[in-house]
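# Fold and geometry: a report
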Amino acid sequence: MTVKGRHILVTGGGSGVGAACARAFANSGAKVTIFGRTKEKLAAQSLPYQLCDVTDPEAVAAACDAARAEQGPIDVVVANAGAAESVPFAKMNAEVLQSMLAVNLIGVSNVWQAALPDMKGSGWGRMIAVASTAGLRGYPYVSAYCAAKHAVVGLTRALGKELARTGITVNAICPGFVETPMLERSIDNIVAKTGMSREEAASTLRADNPQGRFIQPSEVAETALWLCSEGATSINGQALSLSGGEL
Ligand SMILES: NC(=O)c1ccc[n+]([C@@H]2O[C@H](COP(=O)([O-])OP(=O)(O)OC[C@H]3O[C@@H](n4cnc5c(N)ncnc54)[C@H](OP(=O)(O)O)[C@@H]3O)[C@@H](O)[C@H]2O)c1
């Protein structure tokens with residue numbers, strides 16, 4: 001494992017997948033900084049943190065400067081912060097589309113761009129996006145989210161090519177439904193909209209995964225760690241499906 005002593009930035013590190021990634025990297029000896037908008041959630045992780053809305057490029061640049069001042073140049077970004085809004089397409093206005101693009105696409109680009117000079121300077125770096133299977137296939141009632149996640153997969157593929165000779169790799173992890181607060185909110189939403197029980201709603205979502213289960217946040221974290229290992233040096237510009245064979 002090559003992350004010992006390296007500085008890892010994890011956005012959305014106060015909960016769910018981001019918190020699991022932050023813990024896994026810290027347990028592997030990395031210096032970890034987490035970003036998010038809610039102080040209580042960040043402070044609860046007992047890791048260095050910066051309050052930062054990833055959709056604001058100036059805030060991201062300032063938070064990266066503060067993180068660098070505390071723990072040195074940034075070696076790895078896990079651009080995990082994201083949000084999913086569910087609405088039928090007929091009711092999806094430009095505001096919904098813009099907000100999905102702002103956090104799920106532009107938020108990733110902002111953080112990768114702010115960390116890029118550090119990685120170029122050291123000749124080694126790992127840009128990792130937590131995208132989704134929604135970046136690789138469509139799902140009903142989340143067209144804006146799917147569009148934004150497809151866009152981040154496009155960004156990943158293009159940037160992987162652009163940076164291929166710099167020692168930096170760029171990859172997207174695309175999980176199916178992961179057991180996190182976001183999934184709980186999706187289940188609540190289905191219950192509210194359809195009158196299904198929680199278990200029925202959860203079963204409907206679980207059925208998308210041929211293994212019939214939800215992905216665990218730790219599985220995403222282990223994949224992110226692997227992308228930083230020697231063995232993954234040639235994995236670049238890829239969108240890795242973590243979905244039990246859904247696609
Ligand atoms: N759960 C799933 O089924 C699933 C499946 C596939 C992919 N994903 C992706 O996995 C990633 C993590 O989601 P999760 O499931 O762990 O959900 P989560 O627990 O809701 O985590 C999302 C995190 O992102 C942060 N965040 C949201 N907007 C932000 C912003 N503008 N600036 C900074 N931080 C922001 C949130 O913190 P604050 O609100 O405090 O800022 C929160 O900590 C997301 O990109 C999501 O799309 C999730």
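Our subject is the structure that appears above.
Residue positions within a chain follow its written sequence, with the count starting from 1. Thresholds applied to this predicted model are a pLDDT of at least 70 for local features of residues and 80 or more for the giving and counting of side-chain atom pairs; totals over whole chains, interfaces and linings are not thresholded and use all residues. Processing note: side-chain calculations cover all non-hydrogen atoms of the structure and skip hydrogens and water entirely.

### Considering the nonpolar core
Among the nonpolar cores identified, the biggest contains 32 residues, and Leu 9, Phe 35, Val 60, Cys 64, Val 77, Trp 112 and Met 127 are the most heavily contacted of them. Secondary structure elements follow DSSP: runs of H or I no shorter than four residues count as helices, runs of E no shorter than two count as strands, and numbering proceeds from the N terminus. Only α3 (57-71), β4 (76-79), α4 (94-122), β5 (125-130), α5 (143-162) and β6 (168-175) provide two or more residues apiece to this core. For this core, the element with the most residues is α4, which contributes nine residues. Contact definition: two residues touch when any of their heavy atoms are within 4.5 Å. Not counting residues within four places of it along the chain, the set of residues in contact with Val 60 comprises Phe 35, Cys 52, Asp 53, Val 54, Asn 110, Val 111 and Ala 114. Residues grouped as a nonpolar core are buried Ala, Val, Leu, Ile, Met, Phe, Trp, Tyr and Cys residues, joined through side-chain atoms within 4.5 Å. Residue exposure (1.4 Å probe, protein chains only): buried if accessible area is under 20% of the type maximum, exposed if over 50%, otherwise partly exposed.

### Observations concerning helix α8 (residues 217-227)
Considered for burial, the residues of α8 that qualify are Pro 217, Val 220, Ala 221, Thr 223, Ala 224, Leu 225 and Leu 227. On its buried face, α8 is in contact with α1 (16-27), β5, β6 and β7 (239-242).

### Here we look at the packing of α4 against α5
Convention adopted: a line fitted to C-alpha atoms gives each axis, helices being fitted over their contacting stretch, and angles between N-to-C directions are expressed from 0 to 180 degrees. The contact between α4 and α5 brings their axes to 8 Å, and the two run at 25°. The angle between the axes of α4 and α5 places the two elements in the roughly parallel class. Here the hand of the crossing between α4 and α5 comes out right-handed. The segment α4 lies against α5, with Val 96, Leu 97, Met 100, Leu 101, Asn 104, Leu 105, Val 108, Ser 109 and Trp 112 engaging Ala 144, Tyr 145, Ala 148, Lys 149, Ala 151, Val 152, Leu 155, Thr 156 and Leu 159. Residues were grouped as follows: Ala, Val, Leu, Ile, Met, Phe, Trp, Tyr, Cys and Pro as nonpolar; Asp, Glu, Lys and Arg as charged; and all remaining residues, including Gly, as polar. A class-by-class count of the residues in the contact of α4 with α5 yields 14 nonpolar, three polar and one charged. Working definition: roughly parallel below 35 degrees, roughly antiparallel above 145 degrees, roughly perpendicular at 65 to 115 degrees, and oblique for all remaining angles. Crossings are assigned a handedness: left-handed for a near helix turned anticlockwise from the far helix by less than a right angle, right-handed for a clockwise turn.

### Quick word on the packing of aromatic side chains
One pair of aromatic rings is described through two measures. These are the centre distance and the angle between the planes. Two aromatic rings, drawn from Phe, Tyr or Trp (for Trp, its six-membered ring), form a pair once their centres lie within 6.5 Å of each other, and the interplanar angle then sorts them: stacked below 30 degrees, edge-to-face above 60, tilted otherwise. Following the criterion strictly, the structure yields one aromatic pair and no others. A ring pair is formed by Tyr 139 and Phe 177, whose centres lie 6.0 Å apart and whose planes are at 65°; its orientation type is edge-to-face. With a gap of 38 residues between them, Tyr 139 in the loop between β5 and α5 and Phe 177 in the loop between β6 and α6 (181-194) connect regions that are remote in the sequence. Judged by relative accessible area, Phe 177 falls into the partly exposed class, the value being 25%. Look at NZ for Lys and CZ for Arg. If either is within 6 Å of the ring centre and within 35 degrees of the ring normal, a charge sits over the ring. Taking the ring centre of Trp 124 as reference, the NZ or CZ of Arg 6 above it sits at 3.6 Å.

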